[in-house]
Amino acid sequence: MRVLLVEDDDRLAAALISALARHGHQVVRAGRADDALRLKDSAEFVLLDLGLPDMDGLDALRRLRRVSTVPVIVVTARTEERDVLRGLRSGADDYLVKPFRTAELVARMGAVLRRGTRPLAAAGRAVVEVGDTRIDLETRQITVNGAQVALTRREFDVLALLAREPGVVRSREEILDEVWGDVLMSASRSLDVHIAGIRAKTGRPQLVETLRATGYRLAVD
Ligand code: CA
């Protein structure tokens, strides 16, 4: 199997590459997240360290998940439960804390593969349309009645998260965790401000529905 190992630690990477080679895998190594995102298409399995020099591993994972269903095991020294949960919610199939035995890693990889492929978010749809609003998740452009709307990066991230599964309610915590990377911001008003921005700039207040005490969802036609 072609394994993409995303790990900036040379010694650990070398040890893993030879261990996985002994199990018959071909390993391509990326020391940085941007290299990993460039190499992702050739991989049948991804092992992802969270502490990378150029980008937080969880951000890299979210970016990967927007376009890929490749199985991912997060391999990290971070042991806090919060990080584990964030990793799994960001799209990891499993989680392994360093140090670990190769046999354990290989067993987990096998278990992930037996579970089968996850569905791609938005079922692979790059463009989501609601009424006259068109959200292109790939180019990050949004038009209303043909006219382009300029959202801030975060506003678009919030909208894109909802648009990936139209009609599905996402809790405030989930959105804060995925877009801001911090579920503890749940007390902040930031999210409300961004939702208000999306509604005002699109001129389509119904586009994002508020469900009291639950969260938000993208309206469906
Ligand atoms: Ca690292």
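Residues numbered from 1 in each chain as written. Predicted model: local features only at pLDDT ≥ 70, side-chain atom pairs only at ≥ 80, totals over all residues. Heavy atoms only, no water.

Caption draft 1: Quick look at the pattern of salt bridges. As enumerated under the stated definition, the model contains 21 salt bridges in all. Salt bridges sharing partners connect three or more residues here, namely R164, R170, E174 and E178. (Salt bridge = Lys/Arg side-chain N within 4 Å of Asp/Glu carboxyl O.)

Caption draft 2: The arrangement of the nonpolar core in detail. The biggest cluster of nonpolar side chains holds 27 residues, and the ones touching the most others in it are I135, V158, L159, I175, L191 and L218. Of all the secondary-structure elements, those providing two or more residues to this core are β6 (127–130), β8 (141–144), α6 (153–163), α7 (172–180), α8 (190–202) and β12 (215–218). Per element, the largest residue contribution to this core is seven residues, and it comes from α6. For L218, the contacting residues outside a window of four places in its chain are V128, V130, I135, L159, L162, A163, P166, G167 and L207. Counting residues in each nonpolar core, the second largest holds 21 residues, with A30, A33, A36 and A92 among its members. (Core = buried A, V, L, I, M, F, W, Y, C linked by side-chain atoms within 4.5 Å. Buried < 20%, exposed > 50% of the residue type's maximum accessible area, 1.4 Å probe, protein only. Helix = DSSP H or I, 4+ residues; strand = E, 2+ residues; numbered from the N terminus. Contact = heavy atoms within 4.5 Å.)

Caption draft 3: Highlighting the sheet that holds strand β4 (residues 72–76). Pairing within the open sheet is parallel, and its five strands lie in the order β2-β1-β3-β4-β5. The sheet terminates laterally at β2 (26–30) and β5 (94–97), the two strands that pair on one side only. In this sheet, adjacent strand axes meet at a mean angle of 20° when their direction is disregarded. Note that strand β1 (residues 2–6) and β2 share five bridges and pair parallel. By the bridge assignment for β2, R2 is matched with Q26. Contacts between helix α3 (residues 57–67) and the sheet are confined to β3 (45–48) and β4, with β4 contributing the most and set at about 175° to the helix. Set on the sheet, helix α5 (residues 102–115) makes contact with β1, β3, β4 and β5; between it and β5 the angle comes to about 175°. (Pairing = 2+ DSSP bridges. Axes fitted to C-alpha atoms, helices over the stretch in contact; angles between N-to-C directions.)

Caption draft 4: Structural context of the environment of T202. Secondary-structure assignment places T202 in helix α8. According to the relative accessible area criterion, T202 is buried, its value standing at 5%. Setting aside anything within four residues of it in sequence, one finds T202 in contact with I142, V144, V149 and L207. Within the structure, T202 has its side chain in polar contact with the backbone oxygen of I198 (distance 2.7 Å). A distance of 3.3 Å separates a polar side-chain atom of T202 from the backbone oxygen of R199. (Polar contact = N/O pair within 3.5 Å; in protein donor to acceptor, adjacent residues only side chain to side chain.)

Caption draft 5: Inspection of α5 at higher detail. In this model, α5 (14 residues) spans 20 Å end to end at C-alpha, consistent with the 20 Å of a helix rising 1.5 Å per residue. Tucked inside the fold, the buried residues of α5 contact β1, α1 (10–22), β3, β4 and β5. A positive phi of about 90° marks G116, the residue just after α5. (Expected span 1.5 Å × (residues − 1).)

Caption draft 6: Focus on the domain arrangement of the protein. The assigned domain composition of the protein is domain 1 (2–116) and domain 2 (127–218). In this structure, domain 1 and domain 2 have C-alpha centres spaced 29 Å apart. Contacts between the two partners involve six residues from domain 1, matched on the other side by ten residues from domain 2. With both chains or domains summed, domain 1 and domain 2 bury close to 720 Å², and 39% of this area falls on carbon and sulfur atoms. The tally of links between domain 1 and domain 2 comes to zero salt bridges. For the pair domain 1 and domain 2, the number of links is one residue pair in polar contact (both at pLDDT 80 or more). Counted by class, the side of domain 1 that touches domain 2 contains one nonpolar, no polar and five charged residues. (Domains from an automatic or database assignment. Buried area = accessible area lost by both parts, 1.4 Å probe. Nonpolar A, V, L, I, M, F, W, Y, C, P; charged D, E, K, R; others polar.)

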